[in-house]
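# Results of the structural survey
Spelled out from the first residue to the last, the chains are:
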Amino acid sequence: MPLALLALAVGAFGIGTTEFVMMGLLPNVADDLHISIPSAGHLVSAYALGVVVGAPLLAALTARMPRRRVLVALMVLFVAGNAVSAAAPDYHLLMAARFVSGLPHGAFFGVGAVVATSLVSPERKARSVSLMFLGLTVANVVGVPVATLMGQQLGWRATFLAVSAIGLAAIAALLLLVPADHGHGESGGLRGELKALGSLPVWLSLGTTVAGFGALFAAYSYVTPMLTGVAGFAAGSVTLLLGLFGVGATAGNLLGGRLADRSLRGTLFGGLVSLGIVLALFPLLMHTGWSAAVAVALLGMAAFTTGSPLQLMVMEKASDAPSLASSANQAAFNLANAGGAWIGGLALAAGFGLTSPAVAGAALAGLGIGVAAVAYGVDRRRGGGPGRLVAMHPRPSNRVPSVTE
């Protein structure tokens with residue numbers, strides 16, 4: 001595997017850290033800026049909104065630019081957003097800075113996935129994407145806990161300065177490891193990009209992402225009250241248990257990348273079915289401590305097994321605009337985050353019990369399986385292949401150093 005994937009993983013690590021660390025710093029931010037906790041929570045929403053807006057917009061506007069230049073520019077915007085967050089004197093400027101910080105998120109993963117797949121041979125494309133996503137999952141295991149602890153001990157502004165430093169390291173790695181002449185964007189321009197994104201198979205793939213990861217977030221958004229109110233864990237133990245989720249997500253991400261190189265659709269369906277089963281069993285598994293811990297790890301593993309297959313599926317169906325489609329898939333992921341949490345909250349508000357969001361998530365996983373099945377049927381009628389990623393760009397002529405060198 002080329003060392004360029006390490007540069008992408010460093011960027012993904014920084015993005016994953018800044019995305020999720022705000023949740024642990026809400027009390028600190030609220031106290032410092034003299035706002036309520038619910039108002040501080042809007043800072044999480046501002047970042048997600050930035051992702052949804054920036055993912056397709058920036059990918060489309062940069063479609064004809066060299067991809068290394070695009071990746072570096074996106075990380076510069078990322079560093080600027082986090083640096084302004086660290087220096088923000090009031091709530092409103094911090095809100096704007098969090099929105100700006102979210103803008104490059106989806107486009108970085110979208111363009112990065114295209115670069116990753118074009119750096120390797122066809123039989124390793126899914127693994128290349130999973131190695132880029134490894135930075136995101138490791139951020140949940142290491143980056144977020146360390147950054148949260150830093151914010152609690154040194155002040156929340158120190159956290160965003162540290163994230164800015166990670167962004168600068170990613171810029172240096174991109175300039176050093178990604179070949180300068182590699183990966184020029186598509187030649188169709190903005191109109192061609194949007195046209196390629198408008199096909200039914202692309203939208204079915206995006207719908208699978210929304211339903212599948214909506215299933216995850218319907219349960220994960222409320223996993224803390226499940227662990228404390230049903231499994232009986234102390235509040236101080238929740239951070240460690242959420243670390244198990246990150247470990248499971250990391251393992252699932254690597255497993256999904258390896259399996260998807262053998263069978264893209266098989267891995268996707270297997271991951272969605274596994275996710276539905278784990279969520280359906282949550283009400284039973286949450287009643288003892290050890291089984292609850294296992295359930296949290298299995299939830300991360302099952303959900304992130306589908307990450308690489310979903311990313312590659314969208315790129316395949318929009319082969320004339322893979323950067324835009326791949327970025328749109330990241331926007332779909334964030335819509336799943338918001339929508340899944342909302343559906344899980346409806347189940348709780350209806351009085352169905354603390355584990356009811358998991359049951360709602362199981363239903364969403366079933367919906368994801370249904371959408372994926374419709375997508376498969378559409379491909380069959382159109383004479384589509386078995387779901388392997390097409391070779392969209394030639395391998396670069398210059399040799400890229402490998403991780404073993």
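For the structure given in this document, a descriptive report is provided here.

Quick notes on the rules
- Residues numbered from 1 in each chain as written.
- Predicted model: local features only at pLDDT ≥ 70, side-chain atom pairs only at ≥ 80, totals over all residues.
- Heavy atoms only, no water.
- Core = buried A, V, L, I, M, F, W, Y, C linked by side-chain atoms within 4.5 Å.
- Buried < 20%, exposed > 50% of the residue type's maximum accessible area, 1.4 Å probe, protein only.
- 1 Å grid on protein atoms, 1.4 Å probe; cavity = no way out; pocket = protein on both sides within 12 Å on 5 of 7 lines; lining within 4 Å.
- Points joined across faces, edges and corners; volume = space filled by probe spheres on them.
- Helix = DSSP H or I, 4+ residues; strand = E, 2+ residues; numbered from the N terminus.
- Nonpolar A, V, L, I, M, F, W, Y, C, P; charged D, E, K, R; others polar.
- Salt bridge = Lys/Arg side-chain N within 4 Å of Asp/Glu carboxyl O.
- Axes fitted to C-alpha atoms, helices over the stretch in contact; angles between N-to-C directions.
- Parallel < 35°, antiparallel > 145°, perpendicular 65-115°, else oblique.
- Left-handed = near helix turned anticlockwise from the far one by under 90°.
- Contact = heavy atoms within 4.5 Å.

Once that is clear, we can look at the nonpolar core. Note that soluble globular proteins tend to have their nonpolar side chains buried in a common cluster. In terms of nonpolar packing, the biggest core is built from 83 residues, with Leu174 and Met286 touching the most fellow members. The next biggest cluster of nonpolar side chains, apart from the first, holds 16 residues, and it includes Ala30, Ala40, Leu43 and Ala86.

Each pocket or cavity is described by its volume, and for the largest pocket that value is around 1000 Å³. As for the largest pocket, its lining consists of 34 residues, and the residues nearest its centre are Phe20, Met23, Gly24, Tyr220 and Leu242. The biggest single contributor to the lining of the largest pocket is helix 2 (residues 37-61), with seven residues. Considered class by class, the residues forming the lining of the largest pocket number 20 nonpolar, 12 polar and two charged.

A few words now on the pattern of salt bridges. Per the stated rule, a full pass over the model turns up five salt bridges. Among the charged side chains, a salt-bridge network with shared partners connects Arg265, Glu316, Lys317 and Asp379.

Any empty space left between the atoms is revealed when a probe the size of a water molecule rolls over them. Across all of its chains, the model carries five cavities of 30 Å³ or more by this definition. By volume, the largest cavity amounts to about 180 Å³. Residue lining of the largest cavity: 14 residues in total, with Phe133, Phe213, Gly307, Gln330 and Phe333 positioned closest to the centre. For the lining of the largest cavity, the secondary structure elements donating two or more residues are helix 5 (125-154), helix 8 (200-220), helix 13 (307-317) and helix 14 (322-349). Split by residue class, the lining of the largest cavity holds six nonpolar, seven polar and one charged. Approximately 100 Å³ is the volume found for the second largest cavity. Along the walls of the second largest cavity sit Phe20, Leu136, Asn140, Leu216, Phe217, Tyr220, Phe245, Gly246, Ala249, Phe304 and Phe333, which together make up its complete lining.

Bringing the packing of helix 11 (residues 264-285) against helix 12 (residues 289-305) into the picture now. Running from amino to carboxyl end, helix 11 crosses helix 12 at an angle of 160°, the nearest separation of the two axes being 8 Å. Here helix 11 lies roughly antiparallel to helix 12, going by the angle between them. Between helix 11 and helix 12 lies a crossing of left-handed hand. For the pair helix 11 and helix 12, the contacting residues are Thr267, Gly271, Ser274, Leu275, Val278, Leu279, Phe282 and Leu285 in the first and Ser291, Ala292, Ala295, Val296, Leu298, Leu299, Ala302, Ala303 and Thr305 in the second. Of the residues contributing to the contact of helix 11 with helix 12, the split by class is 12 nonpolar, five polar and no charged.

Our next topic: unusual backbone geometry. The phi angle at His34 is positive, at roughly 60°, despite the residue not being glycine. Within the secondary structure layout, His34 lies in the loop between helix 1 (4-33) and helix 2.

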